[in-house]
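Chain by chain, the residues run as shown.
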Amino acid sequence: MATETVERKQKLKQKQSILNRIEWPTFLVAAAIYTAFAFITWNYHDLPWWLLLPLGGYLVAWHGSLQHEVVHDHPTPWPLVNEALVFPSLWLWLPFRSYREDHRRHHAAANLTDPLEDPESNYVSRETWAGYNGLQKAWLSARNTLAGRLVLGPWSAVWRMLVGEGRKLLRGERQAWLNWSLHAVGCALVLTWVLGVCDIPLGGYLLFFAYPGIALTLMRSFLEHQARGPRGERTVVIEAEAPIALMFMNNNLHALHHAEPGRPWYQLPAQYRVRKSALLAENGGYFYKGYRAIFARYLFRAKEPVAFPLR
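Everything numeric in this text was worked out from a predicted model, so none of it was measured.

## Quick look at a nonpolar patch on the surface
Residues Ile18, Trp78 and Val81 make up a contiguous nonpolar surface patch of about 250 Å² in total accessible area. With respect to the helices and strands, Trp78 occurs in the loop between helix H3 (49-71) and helix H4 (79-85). Exposure remark for Trp78: the relative accessible area of 38% places this residue in the partly exposed category.

## Some points on the packing of aromatic side chains
In this structure the tally under the stated criterion is 16 aromatic pairs. Look at Trp42 and Trp193: their rings are 6.1 Å apart centre to centre, the planes differ by 25°, and that puts the pair in the stacked class. Taken together, the residues span a long stretch of sequence, with Trp42 in helix H2 (residues 24-42) and Trp193 in helix H10 (residues 174-197) at a distance of 151 residues. You can call Trp42 exposed: its relative accessible area is 54%. Taken together, the aromatic side chains of Phe222, Tyr286, Tyr288 and Tyr298 make up a single cluster linked through ring pairs.

## Notes on the side chain of Ser89
Tracing the backbone through its elements, the reader meets Ser89 in the loop between H4 and helix H5 (96-108). Among the polar contacts made by the side chain of Ser89, one reaches the main-chain amide nitrogen of Leu92 at a distance of 3.2 Å. Leave out the neighbours within four places in its chain, and Ser89 touches Leu94, His183, Gly186, Cys187 and Val190.

About the cut-offs
Residues numbered from 1 in each chain as written. Predicted model: local features only at pLDDT ≥ 70, side-chain atom pairs only at ≥ 80, totals over all residues. Heavy atoms only, no water. Patch = residues over 30% accessible without salt bridge, like charges linked within 9 Å, V, L, I, M, F, W, Y side chains within 5 Å. Areas by Shrake-Rupley, 256 points an atom, 1.4 Å probe, with all protein chains shown as cover. Salt bridge = Lys/Arg side-chain N within 4 Å of Asp/Glu carboxyl O. Helix = DSSP H or I, 4+ residues; strand = E, 2+ residues; numbered from the N terminus. Buried < 20%, exposed > 50% of the residue type's maximum accessible area, 1.4 Å probe, protein only. Phe/Tyr/Trp six-rings, centres within 6.5 Å; stacked < 30°, edge-to-face > 60°. Polar contact = N/O pair within 3.5 Å; in protein donor to acceptor, adjacent residues only side chain to side chain. Contact = heavy atoms within 4.5 Å.

Shape is all these values report; function is a separate question.
Spelled out as structure tokens, the structure:
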């Protein structure tokens with residue numbers, strides 16, 4: 001009897017240990033996203049466009065933030081369970097596994113923001129910039145304003161992704177083919193619901209969900225990094241307004257995320273309050289008090305040159 005009691009206690013402790021390793025707030029976010037997405041798409045034809053546009057964009061961007069959590073091995077110890085949580089591709093454009101590969105390389109880049117080393121850099125090399133024609137330079141310069149990033153940015157992001165991923169596919173890279181095969185299934189799940197069940201035109205879904213969702217995600221990355229000498233000064237802190245912070249799952253506290261990439265999103269605000277002074281000292285005061293300040297400053301003003309300014 002005593003042996004059986006000890007074994008039961010050990011099993012109970014193991015179960016509790018496993019449950020404690022699961023980040024339940026992230027599951028609640030996933031449930032909120034998919035429930036709201038199902039409700040809004042189901043009622044698509046009854047909602048006015050001025051409500052569909054912000055709600056659809058918000059949900060798709062929020063789902064992108066959930067993907068970012070999964071890239072960093074949240075919310076469970078089991079990678080396949082995590083990936084299944086974001087398997088439906090609400091924004092349609094980017095294979096999750098390709099995003100995961102590039103984002104992990106971004107975190108590992110010794111020369112963060114260098115376009116030759118950082119796959120998520122928004123700069124181009126000086127040599128590439130010198131080879132562009134006037135129209136290309138005008139497009140990229142306009143995209144370096146916040147308005148340009150929101151309106152033109154999704155086109156640029158999708159085109160850049162298709163060119164890069166297309167080269168991998170043409171080279172016959174097996175991982176790229178696997179990434180796109182899984183992505184096709186994830187897109188098919190979404191489009192079966194959207195087009196087949198909810199009877200939403202593909203153009204309507206792209207206009208009211210996918211495009212604004214990508215645009216809002218690019219709003220987050222607009223100031224995430226800057227090209228500066230010390231690596232620590234290249235990553236921003238933005239004290240975002242509550243609805244935006246939730247949409248980005250606190251990734252606006254980006255310097256903290258880079259310092260502690262394994263910390264789950266819901267722990268970041270408390271940790272930021274503890275480390276704020278040290279973080280701002282380390283990143284050279286690269287800081288903004290909310291997105292209203294960013295809109296006021298950069299809506300029609302370029303944040304930096306397009307060509308990478310460092311040697």
